Amino acid sequence: MTISIQINQLKKTYRSGAKAVHALDGVDLDINSGMFGLLGPNGAGKTTLMRILAGIASPTSGRVVVGGYDISGAKNRAIVKGMLGYLPQELGLYPELTARQFVDYMAILKGMDDARRRSARVSEVLEMVGLTAQADRKLKGFSGGMKRRAGIAQALVNDPRLLIVDEPTAGLDPEERIRFRNLLVSLASERIILLSTHIVEDIGQTCRDMAVLSRGQILFRGSPNALTQAAAGHVWTVTTAEPRRPDNGLSVVSMLHLAEGVQYRLVGVHPESYPGAAAAQPGLEDGYVWLMKEKNQAVETMAA
Amino acid sequence: MNASLVTLRYAVFSRRADQYWFPAAFLALFLIMLVILRGSVNAFTAAQAYLAAIIPMLAGILSAYAVLDDPALELMFATPRPSWRLLLERLAPIFLVSLLTALGFQGTAAGLQVDLSGLGNFIVTQLIWFCPTAALMGLGSLLAFVLAAPTGGALAVGGVWIAQVILRGWFLTHPLARHVYLFYSIHVPEDPFLPVNQLSLVGLGVFCLIAACWLLDRQERYI
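Remember, predicted model here, so these are calculated numbers, not experimental data.

Cut-offs and rules
Residues numbered from 1 in each chain as written. Chains lettered and ligands numbered in written order. Predicted model: local features only at pLDDT ≥ 70, side-chain atom pairs only at ≥ 80, totals over all residues. Heavy atoms only, no water. Patch = residues over 30% accessible without salt bridge, like charges linked within 9 Å, V, L, I, M, F, W, Y side chains within 5 Å. Areas by Shrake-Rupley, 256 points an atom, 1.4 Å probe, with all protein chains shown as cover. Salt bridge = Lys/Arg side-chain N within 4 Å of Asp/Glu carboxyl O. Helix = DSSP H or I, 4+ residues; strand = E, 2+ residues; numbered from the N terminus. Buried < 20%, exposed > 50% of the residue type's maximum accessible area, 1.4 Å probe, protein only. Phe/Tyr/Trp six-rings, centres within 6.5 Å; stacked < 30°, edge-to-face > 60°. Pairing = 2+ DSSP bridges. Contact = heavy atoms within 4.5 Å. Axes fitted to C-alpha atoms, helices over the stretch in contact; angles between N-to-C directions.

With respect to a nonpolar patch on the surface
Residues and elements named next belong to chain B. A cluster of nonpolar residues, Ile162, Val165, Ile166, Leu167 and Trp170, forms a patch on the protein surface that exposes about 500 Å² of accessible area. With three residues, the single largest contributor to the nonpolar patch is helix H7 (residues 150-166). One can find Leu167 in the loop between H7 and helix H8 (168-173).

Set out below in structure tokens:
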């Protein structure tokens, strides 16, 4: 059975004295089964949105319906939590428990009381994340990647219809990142997987549907391909021996030191000041930078 | 094994080790005092102080850390476990430690032939530590949630405990305050108001726990 998420005019404001911060400012989203990527800079409101969907934070206003349940009520929130797997950005574990004990504990908290079924499922998810050999080792001896895998194992233990993973690849080495992304994709056919990240590559490699969130607002909703194509005609490469970085309204996406100088990859309206600029095929990262420029949002590029 | 027992086992093993060393250290300290003071009237006073004052204080302080010090708090909040159950499961190891240290202390005292019969019969002796422990466990939990900070809660519980130690005379004579005086059973054990005081302390603990559950439902305050 597949589920869907409907988010209407979702707002979340944090108040501290007279100061108000609008973490989410009128978010509208419909999300269906499969991998859904939520991309945005740090502080965009992604974690707030994830926490609201996980039933941990309450919206200031707006409506969120998960699998037909409006999560504004405590009873519905509990039902949604029962179909949820959650891997938070700051993953805290119990160092004295083994991976098996930790996942078993989380399974109990998720309401899996039948010891035999629970034990089988715990072994199954540890196998899925490749931790069978380390299942009886204490978590305090695990590497960052192994801890993340233990985290995803606990998230999967109740066979969730909705899996929320917040910045899951932060701090992982390239091999762990690839393994983690592949694991998520392999799980996506039967559920919604909501992947929140500020790493563009993670979205491009895994999602067919995505949104860009910045300053609490949705700036883009569509496929990674559509975001990439939005930058078509606005991406150039310039090779120059000048020490000064290209500017004139252009954002430097990357730079490469070559024998003849420095090759810059630029995104902007037009490189008038650089007659030697060559048009380049856009990538998802270029699409993201172009979108942020178009929407007058600050973007952390190399020119910033 | 029953899921509740497994949960208790995990709740015990998932806590930081210092939360067990702390009560163990105080137990050892007071047992050493018993050995040194054995045969003198001060041994009885030390035993009284340990049971009626130290055990409740430790339980109150540890209760402030019971939930909010959990490293996997956000994961815990994302489960459908009701707040009251989360709270009780986290407080159970603290109560268990209090129970074991209280009984262990009494057993060792008996082994050392320190006469604790002045505290009353077995049930009365257990009420001496149980009632203030219940009150301070509830208060510790509640204050940690009110302040959204376990250390703040622990300090506040310590403050209440010290205030009651210092203001003994006022608490004993005030017609209302004496009902929530933590050390009533050791200062006026024969007083006819003692059962009322003990009931009030347990009632205060239960009230604080109910309020703590209500506050724990506001999960985003603590992450």
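Structural notes on unusual backbone geometry
Of note, A:Arg215 is a non-glycine position whose phi angle comes to about 50°, a positive value. In this structure, B:Ala148 is a non-glycine residue whose phi angle is positive, near 50°. Relative to the helices and strands, B:Ala148 is located in the loop between helix H6 (122-147) and H7. Owing to a relative accessible area of 32%, B:Ala148 belongs among the partly exposed residues under this scheme.

A closer look at the packing of aromatic side chains
Under the criterion given, the structure shown has 14 aromatic pairs over all chains. Considering the side-chain rings of A:Tyr94 and A:Tyr105, the 5.8 Å spacing of their centres and the 45° angle between planes classify their relative orientation as tilted. In this pair, A:Tyr94 is assigned in the loop between strand E6 (84-87) and helix H3 (99-109) and A:Tyr105 in helix H3, connecting sequence segments 11 residues apart. Residues B:Tyr50 and B:Phe105 carry aromatic rings whose centres are separated by 4.5 Å and whose planes lie at 35° to one another, so their mutual orientation is tilted. In this pair, B:Tyr50 is assigned in helix H3 (residues 41-65) and B:Phe105 in helix H5 (residues 83-111), connecting sequence segments 55 residues apart.

A word on the sheet that holds strand E2 (residues 19-31) of chain A
In a beta sheet, neighbouring strands pair by backbone hydrogen bonds and run either parallel or antiparallel. Residues and elements named next belong to chain A. The strand order across the open sheet formed by four strands is E2-E1-E4-E5, and the pairing between neighbours is antiparallel. The open sheet has two free edges, formed respectively by E2 and strand E5 (69-70), since each of these has just one partner strand. By the bridge criterion, 10 bridges tie strand E1 (residues 5-16) to E2 in an arrangement that is antiparallel. Looking at E2, one finds that Lys12 is bridged to Leu24. Strands in contact with helix H1 (residues 46-53) are E1, E2 and strand E4 (61-66); relative to E1, the strand with the most contacts, it is inclined by about 115°.

So, the sheet that holds strand E7 (residues 162-166) of chain A
Residue and element names in this part refer to chain A. An order of E6-E7-E8-E3-E9-E10 is seen for the six strands of this open sheet, with the pairing classed as mixed. For this open sheet the edge positions go to E6 and strand E10 (217-222), each flanked by a neighbour on one side alone. Averaged over all pairs of adjacent strands, the angle between strand axes in this sheet comes to 15°, irrespective of strand direction. For E7 and strand E8 (residues 192-197), the ladder comprises five bridges, and the chain directions are parallel. What sits directly across from Asp166, in E8, is Ser196. Strand contacts of helix H9 (residues 284-294): strand E3 (34-39), strand E9 (209-214) and E10, with the helix running at about 40° to E9, the strand carrying the most contacts.

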